[in-house]
Amino acid sequence: MSSNKLTKKDHRNTALRWAFIGSNTVNFGTLQGAGYAWAISKALRKIYPDDNDYIKAMEVELEYFNTTPYVAPLIIGADVAMQERKGLSSLEAVRSIKTSLMGPLAGIGDSVLWVLYPTIMGSIGGYMALEGNPLGAIIWILFNLLLVGLRVKLYNIGYNSGTRLITDLSEKLSAFTESASIMGLTVVGSLIATVVKVYTPLKFSFGEVSLPLQGGVFEKIMPALLPVILTITVYWLMEKKKWGFLKIIVFLIIFSLIGSYFEFLGVQPV
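Not measured: the values here are computed from a predicted model. (Residues numbered from 1 in each chain as written. Predicted model: local features only at pLDDT ≥ 70, side-chain atom pairs only at ≥ 80, totals over all residues. Heavy atoms only, no water.)

Q: What should I look at first to understand the overall build of the chain in this one?
A: Assigned secondary structure in the chain consists of 10 helices and two strands. Start at the N end of the chain and walk to the C end: the helices and strands fall as α-α-α-α-α-α-α-β-β-α-α-α. The proportion of buried residues among the 270 residues of the chain is 36%. In the chain, the share of contacts with a sequence separation of at least 24, taken over all contacts with a separation of at least 6, comes to 70%. Of the roughly 16300 Å² that the chain leaves accessible, carbon and sulfur atoms contribute 68%. (Helix = DSSP H or I, 4+ residues; strand = E, 2+ residues; numbered from the N terminus. Buried < 20%, exposed > 50% of the residue type's maximum accessible area, 1.4 Å probe, protein only. Contact = heavy atoms within 4.5 Å. Areas by Shrake-Rupley, 256 points an atom, 1.4 Å probe, with all protein chains shown as cover.)

Q: Looking at this structure, how should I read the pairing of strand β2 (residues 209–212)?
A: The side chains of a regular strand alternate, residue by residue, between the two faces of the sheet. As defined by bridge partners, strand β1 (residues 203–206) adjoins β2 across four bridges and the pair is classed as antiparallel. Residue pairing in the sheet places S205 in a bridge with S210 of β2. The turn linking β1 back onto β2 is made up of two residues, and G207 within it adopts a positive phi angle of 70°. (Pairing = 2+ DSSP bridges.)

Q: I would appreciate a short explanation of the side chain of E61 in the present structure.
A: Topologically, E61 is positioned in helix α3 (residues 51–61). At a separation of 3.2 Å, a polar atom in the side chain of E61 contacts the side chain of K98. Those residues within four positions of E61 in sequence are excluded, and the remaining contacts are G33, Y36, A37, I40, L44, D79, Q83, V94 and K98. (Polar contact = N/O pair within 3.5 Å; in protein donor to acceptor, adjacent residues only side chain to side chain.)

Q: Explain unusual backbone geometry to me, please; I cannot follow it from the model alone.
A: Glycine aside, residues mostly have negative phi angles, and peptide bonds mostly take the trans form. Look at A224: it is not a glycine, yet its phi comes out positive at around 60°. Of note, the phi angle at E263 is positive, near 65°, even though the residue is not glycine. Note on E263: relative accessible area 57%, which makes it exposed.

Q: Hey, could you run me through the packing of aromatic side chains in this one?
A: The geometry of an aromatic ring pair is captured by two quantities: the separation of the ring centres and the angle between the planes. Taken as a whole, this structure holds six aromatic pairs when the rule is applied. A centroid spacing of 4.7 Å and a plane angle of 55° characterise the contact between Y36 and F65, whose relative ring orientation is tilted. Residue Y36 is found in helix α2 (residues 33–47), and its partner F65 is found in the loop between α3 and α4 (72–86); the two are separated by 29 residues along the sequence. Judged by its relative accessible area of 0%, Y36 is buried. Aromatic pair Y261 and F262: ring centres 5.0 Å apart, planes at 85°, arrangement edge-to-face. For F262, a relative accessible area of 59% gives the class exposed. Taking the ring centre of W38 as reference, the NZ or CZ of R17 above it sits at 3.7 Å. Above the plane of the ring of Y54 lies R45, whose end atom (NZ or CZ) is 4.3 Å from the centre. (Phe/Tyr/Trp six-rings, centres within 6.5 Å; stacked < 30°, edge-to-face > 60°. Lys NZ or Arg CZ within 6 Å of the ring centre and 35° of its normal.)

Q: Explanation requested: the pattern of salt bridges in the structure shown.
A: Two side chains that carry opposite charge are able to pair once their charged atoms sit near each other. Counted by the stated rule, this structure contains five salt bridges. For K46, the salt bridge is made with D10, and the minimal N-O distance between the two is 2.9 Å. Taken together, the residues span a long stretch of sequence, with K46 in helix α2 and D10 in helix α1 (residues 8–20) at a distance of 36 residues. Of the residues examined, K46 reaches a relative accessible area of 28% and is grouped as partly exposed. (Salt bridge = Lys/Arg side-chain N within 4 Å of Asp/Glu carboxyl O.)

Functional significance is not addressed by these values, which are geometric in nature.
Put into C-alpha cells, the structure is as follows:
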C-alpha cells in the first residue's frame, strides 16, 4: 500500500468520474460494476502502486453492483477511505459494505431522487417552457447540475464516515464486517423471491381433481421454491462448472424456449 495520501483533487476526480461516466456504464453481467471500478480506479492506483495489490483490489470493485446512481458516491467514498487506511485487509469489509448498502440506499434514492425530485422539478421547468419562457429549460439544466454537486457532496460524506469507521471502530471492525455480510446476504436472498420469476402451468389431475403444481405443491413446501432452485442451479454452474455469465444467459434463454414449447414453463397469470 502506498504511503501517499489522496488529495482533494483525487477525491473530486473520483466523484466526477462516477457522476459523468461511471454511473452510465452498465452491462448485463455486473450492472454498474464496471462503471464503479472505472470511477475508483485512479484513486486505487495511487493507494496501490504495486500491480498485484492493485489487481486484487480491482477484482473486488468489478463485482456486481447496482444502486441509484445519485447515492452511490456514499459507498464509493467509504470504500476509498477504508482502503486508504487499511489496504488489502479491508477488502472483505468493502465487499460487505457494497453488498449491504446498495439495496437500502437504492430504496431511498429511487423514491426521492429518481422519481420525486425530477417529477416536481421537471413539472416546474416543463410548465414554464410550455408557456414560452426559456427559463424553464435553464431551470431544468440547473436542477441537474445540482444533482452533480450532490454526488460530490455525498462522496465526501461517505469518505469522512469511512475514515471514522476505521479510526473509531477499529477494534469492532470484524464484528461490523460480519454484520454487514449478514445484511448483504439477507438483501441478496430477498432478491431471489422478488426479482427471479419462474412459473410452471403444470397441473396434477386425478379424476375431477386438478391441483396446480406451482400454487398447490411447490409454494406450500416453500414460497418461491422454483426461483430458489433456479438460483442454486445457476450458482452451481458458475462455481462448480466455471460457466461464464454469457453462457449462463444463453442456457437460460434456450431452457426457457424449450420450456415454453413443451408447456412446462409459462408466464404467471396476473
